[in-house]
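Fold and contact review
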Amino acid sequence: MASIGSDLRIQGDDNLQSMLVGTVMRKIKSRTWKKQRYFKLQDDCMTIWYKSKKAGKAHSTFSVSDVEAVREGHQSEVLLSIADEFPADRCFTLVFRGRRGNLDLVAESAEEAQSWIRGIRKLIENLENMGEREKLDQWIGDWFKKADKNNDGRMNFKEVQDLLKMMNVDMNEHHAHHLFTMADKSQSGTLEDDEFVLFYKMLTQREDVLKVFQDYSGDGQKLNQRDLEDFLREEQLEVDDVQQHAKQLIERYEPSDTAKLLNAMTFDGFLMYLDSVEGSIFNPRRSGVFQDMTQPLCHYFISSSHNTYLMEDQLRGQSSVEGYIRALKRGCRCVEVDCWDGASGEPIVYHGHTFTSKILFKDVVNVLGNYAFKASEYPVILSIENHCSVEQQRVMAQYLDRILGDKLLKSTLDGKVAVRLPSPEDLKGKILLKAKKIGGLEESFNGTTEDSLTGEVSDEDEAAEIDEDNLHRDSLRRRGKKSKQRLSKELSDCVVYCKSVHFSSFKHSRIHSKFYEVSSFTESKARKHLREAGAEFVHHNSRQLTRIYPTGFRTDSSNFNPQEMWNAGCQIVALNFQTAGEGMDLNDGLFSQNGRCGYILKPEFMRQPKRRFDPETPQNRDAYQPLTLNIQVISGQQLPKVNIKEGSIVDPLVRVEIHGVPLDQARQETRYIENNGFNPVWYDTLRFTIHTPELAMVRFVVEDYDKTSKNDFVGQYTLPLSCIQQGYRHIHLLSRDGTSIPPSSLFVHVRITELE
């Protein structure tokens with residue numbers, strides 16, 4: 001069991017040994033909130049426990065698997081704020097997965113801080129290197145710990161009954177007792193280590209997978225290599241070097257050395273293969289960078305964030321550089337900065353005319369310099385909404401130049417007048433400024449730019465663009481059309497390939513606009529253009545970049561559905577990354593392919609100006625070939641509890657949603673299964689016709705059915721149709737936050753065929 005692995009891991013590691021003993025550290029929430037807490041690593045080497053020094057206070061725990069990274073020194077806003085009080089070598093920050101807040105800590109000494117930093121990093125590394133079998137052992141060990149209430153290392157029948165409820169299983173007492181007795185080999189009336197493993201295996205027996213295994217097994221006991229090859233060809237629809245792949249699968253997933261010598265796979269090995277990355281619905285060949293990255297920037301969808309500095313809502317939310325760190329680490333390639341004049345000549349970033357808190361522009365640029373290329377080497381676009389005076393614009397330009405250095409693109413790549421946008425490949429490691437510019441790119445080469453240090457540009461920022469979505473529409477419209485803004489030449493010169501311009505009409509753009517000009521639309525304006533001139537919109541986006549952002553009414557930082565904007569070929573579809581839900585699920589799903597690099601090549605028919613693709617009438621395009629998608633939802637495994645009420649068990653249903661062109665938008669559901677979140681079985685088949693497969697996204701949602709109120713969310717997984725592997729596949733579910741929730745999964749069978 002897991003504890004054995006834990007013992008091996010800590011032997012000879014002084015850092016882990018001292019963490020097991022525990023230590024007092026300060027937990028820091030602000031300059032004024034600094035409290036001592038006792039921290040200790042639990043014996044499972046997976047859980048960190050902490051509590052107040054005061055007797056009787058409740059304790060808290062978190063799992064090492066929830067920690068994404070450890071930052072040393074003053075690497076968070078909170079720790080920077082107390083830098084004068086505690087030296088950097090005693091400070092560190094635990095960064096959690098998803099949208100959970102950081103944990104900022106100060107140790108009593110630099111040695112103690114290092115001990116915890118190294119120890120936690122070692123535990124994270126151990127977790128990442130764990131094999132499938134070790135992960136299962138860890139999982140079983142976790143359940144054993146939860147159920148063993150009196151900590152005596154064995155489990156009586158009452159504890160087993162409580163455990164079943166925790167695990168989302170509604171089993172009658174007679175059957176539960178029968179399994180308990182069968183597992184209790186020592187007949188002691190309790191289950192110890194190996195007996196509990198046996199009990200767990202009986203509980204998780206996969207009849208659905210066994211059925212498939214026996215259909216292909218000659219003797220019902222194993223798959224020889226030929227049997228496995230037949231399964232891979234007939235069910236998984238593999239064609240390339242199937243013989244070699246079958247050998248590799250046996251080598252990789254078969255736990256029995258005897259079976260390996262016979263070139264065969266037992267049921268355990270077969271289940272481990274189906275539960276692995278290779279048995280997942282997402283095609284692993286799509287996980288690295290596989291697309292052509294040498295096309296012009298406007299030929300890609302670009303992962304983009306709106307009001308990146310906000311951690312919460314648009315009215316009173318906290319502004320933080322953490323928003324930029326999180327977005328960039330998720331592969332976001334276009335971040336936004338709203339700049340305003342601050343005190344002492346320091347430009348600040350916040351959501352203007354609201355009660356959101358303020359951060360310094362230079363701190364944002366520092367973060368950009370440090371984190372821009374950690375998740376992806378492809379270019380980052382810094383979208384600036386500029387409300388600053390000329391003086392503070394000069395300060396902004398100085399910070400950009402000084403802090404970013406060579407990373408900041410300040411001239412065309414070859415020093416000549418360009419005729420089209422460069423590619424992501426050309427721009428690797430570069431940060432591009434998207435902002436207003438005095439004159440055009442051509443003038444800066446032929447010397448016709450005015451020599452003065454400032455210039456005038458029309459002021460059409462987001463506040464003005466929101467005019468028709470805002471209660472003060474008349475005054476804003478007047479302001480947006482009439483006002484002029486002074487622009488500093490230094491900041492203007494930092495803008496090369498992304499000059500922000502006002503959009504007049506598609507006809508005007510066709511005749512007058514330049515390839516380096518970028519227009520921004522609110523979601524409602526974009527929808528209007530999409531309805532009235534879909535093909536024109538697609539054509540416009542084949543030549544230049546377009547940015548779409550949420551309407552001003554979304555003060556709660558909710559998101560629109562990005563799919564309808566991708567349908568028009570809009571590249572920079574800016575979402576509130578801090579807000580979980582359907583919008584971000586689709587964004588995460590689209591950008592989960594191609595190395596998560598933040599750039600996805602648009603379909604060929606959206607890149608060619610001569611092609612006339614209209615998302616409203618996809619059947620009119622060249623090479624139109626609709627597909628049929630058949631998904632048999634077979635079963636679910638160990639779904640998380642959503643209702644914390646004692647004895648409450650999930651009634652799960654699965655909804656499959658297709659997001660794509662309007663003709664493809666569809667959703668279908670399975671039945672709900674009463675009182676079984678542990679191993680529900682459906683065998684329900686859902687069928688969809690898909691007219692534009694290249695743009696289609698498939699979202700699997702599991703909900704807890706409730707006949708009297710809205711269903712509760714249980715888990716989801718979203719991916720492009722083009723990344724789906726056919727055959728028998730597991731879908732590893734994600735939480736509302738987009739983080740994994742192992743071992744929760746769905747088991748499905750997928751077939752995609754051309755529609756006759």
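The following paragraphs examine the structure supplied in this document. (Residues numbered from 1 in each chain as written. Predicted model: local features only at pLDDT ≥ 70, side-chain atom pairs only at ≥ 80, totals over all residues. Heavy atoms only, no water.)

With that settled, the discussion passes to the packing of aromatic side chains. Summed over the entire model, instances satisfying the criterion amount to 27 aromatic pairs. Taking the centre distance of 6.4 Å and the plane angle of 75° together, the rings of Phe39 and Trp116 count as edge-to-face. With a gap of 77 residues between them, Phe39 in strand E2 (residues 34-41) and Trp116 in helix H4 (residues 110-128) connect regions that are remote in the sequence. On the basis of relative accessible area, Phe39 is assigned to the buried category, the value being 1%. On the basis of relative accessible area, Trp116 is assigned to the buried category, the value being 2%. Between Phe231 and Tyr728, the ring centres sit 6.4 Å apart and the planes meet at 15°, which makes this aromatic pair stacked. Note that Phe231 is positioned in helix H10 (residues 225-234) and Tyr728 in strand E29 (residues 727-734), a separation of 497 residues in sequence. Grouping residues by exposure puts Phe231 and Tyr728 together as buried. Three or more aromatic residues link up through ring pairs in this structure, and these residues are Phe213, Tyr216, Phe231, Phe267, Phe270, Tyr728 and Phe747. In this structure, Arg206 packs its charged tip against the face of Phe747, placed 5.3 Å from the ring centre. A cation over an aromatic ring shows up here: Lys358 above the ring of Tyr350, its NZ or CZ 4.3 Å from the ring centre. (Phe/Tyr/Trp six-rings, centres within 6.5 Å; stacked < 30°, edge-to-face > 60°. Helix = DSSP H or I, 4+ residues; strand = E, 2+ residues; numbered from the N terminus. Buried < 20%, exposed > 50% of the residue type's maximum accessible area, 1.4 Å probe, protein only. Lys NZ or Arg CZ within 6 Å of the ring centre and 35° of its normal.)

Here we take up helix H7 (residues 173-183). Of the residues making up H7, those classed as buried are Ala176, Leu179, Phe180 and Ala183. Projection of H7 onto a plane perpendicular to its axis shows the buried side chains occupying an angular sector of 100°, all on one side. Here the buried face of H7 lies against helix H6 (157-166) and helix H8 (193-203). (Arc of directions from axis to C-beta. Contact = heavy atoms within 4.5 Å.)

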